[in-house]
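For reference, the chains in residue letters:
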Amino acid sequence: MSQLEESDSQVWGRYAPDLLSPHIFRTVANVKFKRVFTSHSGCHAVAIDSQSTSPLAWLLGRNEHSQLTHPLPSTLTVPHLSSDGTSPSPTPAVPAPFPLDALPAPNVPQGLRGQRVVHAACGRSHTILVTERGQAWSCGWNHLGQLGLGFTGGGSGGGGAGGENVNGFRRVEGDLKGEKVVMAAAGIGFSLFLTESGRVYAVGSGEKGQLGNGKTGEHIAASKVFFTEQSDPLLVRGAIDGKKIVSISCGQQHSIALDDQGFCYAWGFGGLGRLGLGMQYDALVPTVVPHFAGPNLLTRARTITTGGTNSMFIDKQGMVTLCGKWKTTGDGSAGQPWMTPKLVQDIMGYKFDIVAAGGVTLFAHTKGKDGEFLVGWGQGAGHGELALGVGNLKSATKPQRIDAFDSLDIHDIAAGQNTTFFLIRPPSSSPSPPPSPPPPAVCRKVEVVGGEDPLECEMCEQAFHGACLTPPIVGIPDGEWFCPNCSLKNQPPSWWGEKEKKKKA
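Within each chain, residues carry numbers counting from 1 in the order of the written sequence. Only residues with pLDDT of 70 or above have their local features reported here, since the model is predicted, and side-chain atom pairs are shown and tallied only from 80 upward, although totals for entire chains, interfaces and linings are computed over all residues. Side-chain metrics rest on all non-hydrogen atoms present in the structure, leaving aside hydrogens and water.

(A) Geometry of the overall build of the protein. Within the protein, the secondary structure is distributed over two helices and 32 strands. The rule is simple: take the accessible area with a 1.4 Å probe, protein chains only, and divide by the maximum for that residue type; under 20% is buried, over 50% is exposed, in between is partly exposed. Per-residue burial for the protein yields a buried fraction of 49% across its 505 residues. Residue pairs at least 24 apart in sequence account for 52% of intrachain contacts in the protein once pairs closer than 6 positions are excluded. As presented, the protein carries roughly 24,400 Å² of accessible surface, and 53% of it is formed by carbon and sulfur atoms. Comment: elements are numbered from the N terminus, with helices defined as DSSP H or I runs of at least four residues and strands as E runs of at least two. The contact criterion used throughout is that any non-hydrogen atoms of two residues lie within 4.5 Å. Residue burial considers only the protein chains on display, and all accessible areas are found by Shrake-Rupley using a 1.4 Å probe.

Below is the structure:
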């Protein structure tokens, strides 16, 4: 037993079992949220509340690369062991959401404090916030320039601390300074920014073409292979040049963009068909996804999202399509990836409005004539992230209805590496159900011993010990039995005879 375990019995994780069914964050049960964000490859999250004056970002999760900023007040964190398993972590995790304004000035500069946060993105170990003024702020792991701050690593001053991490939020400027950012997306080592004008900017690693600039920058130095590291926002061109992009999403090493006409564009790592282009090659510039490029407006895309190794879409008919690797065996696995977007056959009869993709999980939500419900699936899910409930399987190769959310109004879903977050609109107020009838009375004569089971009257459902009756009854009478108050000499109610006739009929 290590010194930490001896001195601190509340080490986080040691007594924290997986949650197999949905649980409410009790610490923020009185806060209403409108969006939640996490990463298919990360273990931290950002939620945005719905305050009308100044919506705040709330953060939680792991913090090994200062993705929640560092240092954090000790009142927010719970100590745990570092990766070596013996010493306490210098950047302990946060198990419950905390508001951005709870952090000191070095973590949250004055320029960010008090601004309305409207969007966020989580990479594996970095975080991006987008404010109502169109500014993007980032912190966390910056070893490849994925924060877009004009340098790699921690930099110096203004929240930097050397090394690979930036410990406090800093504003992303460069070519974004004259633009209004409305959305951000993040992969493992790169990030995208979408502006109000519909243009997309990229930062970070270009190893697999994630920057969309037509090159990887591969070169050899000191017997090592290196690739382009873009630390200043770079305008992405290719097939999206001149298009009005309205949504972006990042996988581990690939990106999908959606324009205002319903066309989709993909670039980055093309392994396992995740780009939906029909071939396993890297796309170094944005390329039109043929499946959504037809003349039929109904077959074009309305919603996009990405998992680590797949891409998911809802077309304008409400149908869910999927491409890439989303299973570990069989159809949809690395051996048989879906090279182009395909309809998910098991849920073709419904129209969906929300999709989400996590580390190994996929979710789709529908609201239609058959009511409102959520389905989820994912082979290899082992931590309860599908929310199928205690006693049920943790993973599923086909869409499974998640009963816990039946008839609940789901507002947003964020699927993480091993965790899933759901935003549920509180149900509207309704009349309280009538009180339950009192339990049947039980014979009070406790002097009877011997473990005798009481007799229950067929009419009033009160219970009596046979030995307590006058005359006493031994054993269980044949047929129906009525207590003295309901016996035939007192005549049963008029409806009783009708009930018996129906039984015999």
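(B) Up close: the state of the cysteines. Our working definition of a disulfide is a cysteine sulfur pair at a distance within 2.5 Å. Enumeration according to the criterion identifies zero disulfides in this entry. Considering cysteine sulfurs only, Cys122 is the nearest to Cys139, which forms no disulfide, with 9.6 Å between them. A residue is classified by how much of its surface remains accessible, and Cys139, at 0% relative accessible area, is buried.

(C) Inspection of the layout of surface pockets at higher detail. A volume near 710 Å³ is recorded for the second largest pocket. What lines the second largest pocket is a set of 34 residues, and nearest its centre among them are Arg35, Phe37, Ser249, Ile304 and Thr305. Mapped onto the lining of the second largest pocket, the elements with two or more residues apiece are strand E1 (33-38), strand E5 (117-122), strand E11 (181-186), strand E17 (245-250), strand E21 (301-306), strand E25 (352-357) and strand E29 (409-415). Note on residue categories: nonpolar means Ala, Val, Leu, Ile, Met, Phe, Trp, Tyr, Cys or Pro, charged means Asp, Glu, Lys or Arg, and polar means any other residue, Gly included. Its residues assigned to classes, the lining of the second largest pocket comprises 20 nonpolar, ten polar and four charged. Computed over the protein atoms alone on a 1 Å grid, cavities are sets of points where a 1.4 Å probe fits but cannot get out and pockets are open sets with protein on both sides within 12 Å along at least five of seven lines; a residue lines them when it has an atom within 4 Å of a point. Grid points are joined across faces, edges and corners, and a volume is the space filled by probe spheres set on the points.

(D) Main features of the sheet that holds strand E27 (residues 371-378). A strand pair is defined by DSSP finding two or more bridges across the two strands. Taken in spatial order, the four strands line up as E25-E26-E27-E28 in an open sheet, and their pairing is antiparallel. Each of the sheet's edge strands pairs with one partner strand only, and the pair in question is E25 and strand E28 (396-401). Each strand axis lies, on average, 15 degrees off the axis of its neighbour in the sheet, ignoring direction. Here E25 pairs with strand E26 (residues 362-368) via five bridges, running antiparallel. Note that in E26 the partner of Ala357 across the bridge is Leu362. Lines fitted to C-alpha atoms define the axes here, with helix axes fitted over just the stretch in contact, and angles between the N-to-C directions of these axes take values from 0 to 180 degrees.

(E) Representation of unusual backbone geometry. In the segment running from His70 into Pro71, the intervening peptide bond is cis, with an omega of -5 degrees. Counting through the fold element by element, Pro71 comes out in the loop between strand E3 (57-61) and strand E4 (94-99). Backbone geometry places Thr69, a non-glycine residue, at a positive phi of 80 degrees. Within the fold, Thr69 resides in the loop between E3 and E4. Its identity is not glycine, yet Ser223 carries a phi of approximately 65 degrees, on the positive side. Among the secondary structure elements, Ser223 is positioned in the loop between strand E14 (219-221) and strand E15 (224-226). When its relative accessible area of 75% is taken as the criterion, Ser223 is described as exposed.

(F) Region of interest: the sheet that holds E17. An order of E17-E18-E19-E20 is seen for the four strands of this open sheet, with the pairing classed as antiparallel. Strands at the two margins of the open sheet, each flanked by one partner only, are E17 and strand E20 (283-288). Averaged over all pairs of adjacent strands, the angle between strand axes in this sheet comes to 15 degrees, irrespective of strand direction. Of the pairings in the sheet, the one linking strand E18 (residues 254-259) to strand E19 (residues 264-268) comprises five bridges and is antiparallel in character. When the sheet's bridge partners are listed, Leu258 is paired in E19 with Cys264.

(G) Structural view of empty space enclosed by the protein. For the coordinates displayed, the defined rule picks out one cavity of 30 Å³ or more. The calculated volume of the largest cavity comes to roughly 30 Å³. Taken together, Leu20, Gly384, Leu386, Ala387, Leu388, Gly389, Asn392, Leu393 and Lys394 form the lining of the largest cavity. Looking at side-chain class alone, the lining of the largest cavity contains five nonpolar, three polar and one charged residues.

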